[in-house]
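Take a look at the letters that make up each chain.
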Amino acid sequence: MATSRRPDGVSLDNLQGAGTKTLSRLNKLGIFKLQDLLLHLPIRYEDRTRLTPLGALQPGQPALVEGGVAFTDVAGTSRRSLICRISDGTGFLDLRFFHFRPEQLRALSSLRRIRCFGEVRVGVHGLEMIHPQYEALPETAPAPLETGLTPVYPTTDGLSQQSLRRFVAQALRLAEPEHEKSFRLPPRLAPELDALSWWDAVRTLHRPMDDCPKALERARRRLAYEELLAHHLSLARFRQEIRRRSAPVLNTDEAIKTTFQSGLPFSLTGAQRRVIGEIESDLRSGRPMLRLLQGDVGSGKTIVAAHAALAAASSGWQTALMAPTELLAEQHFHTFSGWLESSGVTTTLLTGKIKGQGRREALAAIASGATALVIGTHALFQDAVEFHRLGLTIIDEQHRFGVHQRLALRDKAHPLAALPHQLVMTATPIPRTLAILGYADLDCSVLDELPPGRTPVVTRLIPSTRRGEIIDRIANWIARGRQAYWVCTLIDESEALQCEAAANTAASLAQTLPGLRIRLLHGRMSAAEKDGVMREFKAGESDILVATTVIEVGVDVPNAGLMIIENPERLGLAQLHQLRGRVGRGPGDAYCILLYQPPLSAIGRERLKILKDSSDGFAIAERDLRLRGPGEFLGVRQTGLARFRIADLTRDADLIETVSASAERVLEHHPELVAPLIDRWVGRGVHYAGA
Ligand code: ADP
Ligand code: MG
């Protein structure tokens, strides 16, 4: 078929010398079609275009050398190695192999001249190469050298560099006559970048003729740009598809709203009013809302969400609110039922821990429409959960979820019926660059004003060697009638270990501070236990809450104005900022002590200082992004953002504005390019495109 012969679509079956095993190894590298092979780019290059005389070798440098075999021998007793010495009249070099088979010894001994490539190091008798790549040479005739740099590819077990090079070379040969038929970017889309064609960029990177970093970087940037463009377009296309669908018209009943607001213990900030207005106008538009609400910890996003739920309920539609943890779901359940009950909105909690009869009742209420607002964790995704009329989904703390989870909840709606609206809330400030890229499908609202009466939190960096002092300070603090958090961090360890660490800390604090009411909160406790501990703490019936990072989101105890975070260097700044957001929520002074484990690396100290010097979540996130790269944000790993083949968000951040402008032009003037671009770059990664 003509179309399948385009390089864009050719399958790997056309590859010679690749059996089932090899194909599955290629798949492992994300290579499923010929084109993926073209986009599987080298991580570095080796220069095998020149021979270095043995006498001119420098330790630490890779080199291509050749020489006559002087002798081959096995040396050492405990750790045997095979040594083959070559010389060329200017000097000699030992090739050393630690793992070898008898055949290899025989084979090497029979050779007269060899050529090899490897890194030179200082050995026992002079310079040597460990496990060099080598080949036999004809005894007299000169052997041709490589004409271009040799690429080194990322690979996987069982797939050698040589095989990968052969496959890529084949792919280039197969694609060569076809590439003319492949689509081209329109001219002047991004003048500095698109002057180079896709094909030329690919070829340059696989077969650079010389080691010109400028040319290589230019080719890489050209591809990075196109890749980012493709990702951007896939989200934009998705957004367009959604916008074409209809959505329930959710009108806020003004009378209900007025009563609701008059029952609140505070009046709304200007920012809250503005954002509520933006959301209300989306909700009554008849088109699905796709809105991201960003607001620093404590900016008051919850009440904004409650207004959206109220709009849905007063129009006869259900709302699903998804929180990342059970604890937060439970908190929300209490808050929302407290706020909304008097407005006649019934609220149901649905988490993984609700089982048996309770669960059956909850599911029945959701399915019959008896409940207007369902609050839960990802248990809300389960197939058993059927909504009567789902009109709005709200996702809190979006950074904990990935794009796919966000979209899965929307799929709870009937495929042909109107789509539910979607409100996504996050306290993790998303740096602008990432927002453009990761949320091109969403409109954005920002709560940029904190409710009045917040105390700035004083942040101190204190080494754990001064732990004793800190404990004295807690005792004084509690004597003044205040409460404190002690947060134990163990990142990347199992939950069991985290809980154990927190339990140990609680026990040792109880020993040093007898008479104080110390309680423990961790993820392995049952919902009821956690709830009990939280209620007690909130009511002032305990003094110190020792917790794992489960308290990171949500919990609100105004009297607790002191937080000690152990080993803060293990956490991301955005997460630390969130934790710190638990204090400073009431009158009186507030402190956050970062009890770090010395010595801190220079960068570790710099990061913690950022936190000490700033209370602006956006500024913190921007700087952390620069220090660490984007990996930790917004569940990037799950969103597909981090799975770029070529683009590197730290290196290519400056391309993003260009990409977003190009995307608009492509959508408007060259819509026919959207599908092939997405297909070339995003392909299998984009499960959500058709969601
Ligand atoms: P976040 O944006 O971090 O989710 P919350 O919605 O939990 O913040 O709000 C933090 C605290 O501020 C809550 O106790 C909430 O009741 C309170 N709050 C929200 N809006 C206001 C306001 N306009 N005035 C005073 N307090 C408010
Ligand atoms: Mg919140």
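Residues numbered from 1 in each chain as written. Chains lettered and ligands numbered in written order. Predicted model: local features only at pLDDT ≥ 70, side-chain atom pairs only at ≥ 80, totals over all residues. Heavy atoms only, no water.

## Quick look at the site of ligand 1
Alright, step 1. The local shell around ligand 1 holds 16 residues, among which Gly-298, Lys-301, Thr-302, Arg-454 and Asp-556 are the closest.
Alright, step 2. Within the side chain of Gln-272, one N or O atom sits 2.9 Å away from a nitrogen atom of ligand 1.
Alright, step 3. A distance of 2.7 Å separates an oxygen atom of ligand 1 from a polar side-chain atom of Lys-301.
Alright, step 4. Relative to its unbound accessible area of 560 Å², ligand 1 is 82% covered by the protein chains. (Near = heavy atom within 4 Å. Polar contact = N/O pair within 3.5 Å; in protein donor to acceptor, adjacent residues only side chain to side chain. Areas by Shrake-Rupley, 256 points an atom, 1.4 Å probe, with all protein chains shown as cover.)

## Notes on the sheet that holds strand E18 (residues 518-521)
Alright, step 1. If you trace the six strands from one edge of the open sheet to the other, you get E16-E21-E20-E17-E19-E18, paired in parallel fashion. The two strands at the open ends of the sheet, each matched to only one other strand, are strand E16 (457-463) and E18. Ignoring strand direction, the axes of neighbouring strands in this sheet form an average angle of 20°.
Alright, step 2. In terms of strand pairing, strand E17 (residues 483-487) meets strand E19 (residues 544-547) through four bridges, oriented parallel. The partner of Val-487 across the bridge, within E19, is Ala-547.
Alright, step 3. This element, helix H15 (residues 467-479), spans E16, E17, E19, strand E20 (560-566) and strand E21 (590-596) of the sheet and lies at about 150° to E17. (Pairing = 2+ DSSP bridges. Helix = DSSP H or I, 4+ residues; strand = E, 2+ residues; numbered from the N terminus. Axes fitted to C-alpha atoms, helices over the stretch in contact; angles between N-to-C directions. Contact = heavy atoms within 4.5 Å.)

## Focus: the packing of helix H7 (residues 213-244) against helix H23 (residues 674-681)
Helix-helix packing is described using two parameters, namely the angle between the two axes and the distance between the axes.
Alright, step 1. The interhelical angle for the contact between H7 and H23, taken along N-to-C directions, is 115°, at an axis separation of 9 Å. In terms of crossing hand, the pair formed by H7 and H23 is left-handed. When H7 is examined against H23, the residues Leu-223, Glu-226, Glu-227, Leu-229, Ala-230, Leu-233, Ser-234 and Arg-237 are found in contact with a partner set consisting of Val-674, Ala-675, Leu-677, Ile-678, Arg-680 and Trp-681.
Alright, step 2. Among the residues making up the contact of H7 with H23, the classes are represented as nine nonpolar, one polar and four charged. (Left-handed = near helix turned anticlockwise from the far one by under 90°. Nonpolar A, V, L, I, M, F, W, Y, C, P; charged D, E, K, R; others polar.)

## Points about the nonpolar core
Alright, step 1. Within the largest apolar cluster, 53 residues are counted, with the highest numbers of intra-cluster contacts made by Leu-26, Leu-37, Leu-223, Tyr-225, Leu-229 and Trp-681.
Alright, step 2. Within the residue set of this core, elements represented by two or more residues are helix H2 (34-38), helix H4 (161-175), helix H6 (198-206), H7, helix H22 (656-669) and H23.
Alright, step 3. Broken down by element, the residue count for this core peaks at nine residues, all from H7.
Alright, step 4. Excluding residues within four positions of it along the chain, Leu-229 makes contact with Leu-185, Leu-189, Val-659, Ser-662, Ala-663 and Leu-677.
Alright, step 5. Ala-271, Trp-339, Met-425 and Leu-447 belong to the second largest nonpolar core, which has 39 residues in total. (Core = buried A, V, L, I, M, F, W, Y, C linked by side-chain atoms within 4.5 Å. Buried < 20%, exposed > 50% of the residue type's maximum accessible area, 1.4 Å probe, protein only.)

## A few points about the packing of helix H9 (residues 270-283) against helix H10 (residues 301-314)
Alright, step 1. Contact geometry of H9 with H10 gives a least axis separation of 10 Å together with a crossing angle of 30°. As the angle between them shows, H9 and H10 are arranged roughly parallel. The two elements H9 and H10 cross, and the hand of that crossing is right-handed. Here Gln-272, Val-275, Ile-276, Ile-279 and Leu-283 of H9 lie close against H10, whose contacting residues are Ile-303, Val-304, His-307, Ala-308 and Ala-311.
Alright, step 2. Its residues placed into classes, the contact of H9 with H10 shows eight nonpolar, two polar and no charged. (Parallel < 35°, antiparallel > 145°, perpendicular 65-115°, else oblique.)

## Points about the environment of Leu-327
Alright, step 1. With respect to the helices and strands, Leu-327 occurs in helix H11 (residues 326-340).
Alright, step 2. For Leu-327, a relative accessible area of 3% corresponds to the buried category.
Alright, step 3. Distance in space between the C-alpha atoms of Leu-327 and Asp-531 is 7.4 Å, their sequence separation being 204 residues.

## Some words on the packing of aromatic side chains
Alright, step 1. Within this structure, the stated rule accounts for five aromatic pairs.
Alright, step 2. Relative to Tyr-134, the ring of Phe-97 lies with its centre 5.6 Å away and its plane at 75°, an arrangement referred to as edge-to-face. In this pair, Phe-97 sits in strand E4 (residues 92-97) while Tyr-134 sits in strand E7 (residues 133-136), placing the two residues 37 residues apart along the sequence.
Alright, step 3. Exposure remark for Tyr-134: the relative accessible area of 29% places this residue in the partly exposed category.
Alright, step 4. Between Trp-198 and Trp-199, the ring centres sit 6.5 Å apart and the planes meet at 45°, which makes this aromatic pair tilted.
Alright, step 5. Using a relative accessible area of 5% as the deciding quantity, one classes Trp-198 as buried.
Alright, step 6. Under the relative-accessibility criterion, Trp-199 is labelled buried at 3%.
Alright, step 7. Against the face of Trp-317 rests Arg-389, its NZ or CZ located 4.0 Å from the ring centre. (Phe/Tyr/Trp six-rings, centres within 6.5 Å; stacked < 30°, edge-to-face > 60°. Lys NZ or Arg CZ within 6 Å of the ring centre and 35° of its normal.)

## Description of the pattern of salt bridges
Alright, step 1. Under the defined criterion, the tally for this structure stands at 31 salt bridges.
Alright, step 2. In this structure, Lys-33 engages Asp-679 in a salt bridge whose closest nitrogen and oxygen atoms are separated by 3.6 Å. Of this pair, Lys-33 sits in the loop between helix H1 (20-28) and H2 while Asp-679 sits in helix H23, placing them 646 residues apart in sequence.
Alright, step 3. When its relative accessible area of 16% is taken as the criterion, Lys-33 is described as buried.
Alright, step 4. The network of salt bridges with common partners includes Glu-217, Arg-220, Arg-221, Asp-652 and Asp-654. (Salt bridge = Lys/Arg side-chain N within 4 Å of Asp/Glu carboxyl O.)

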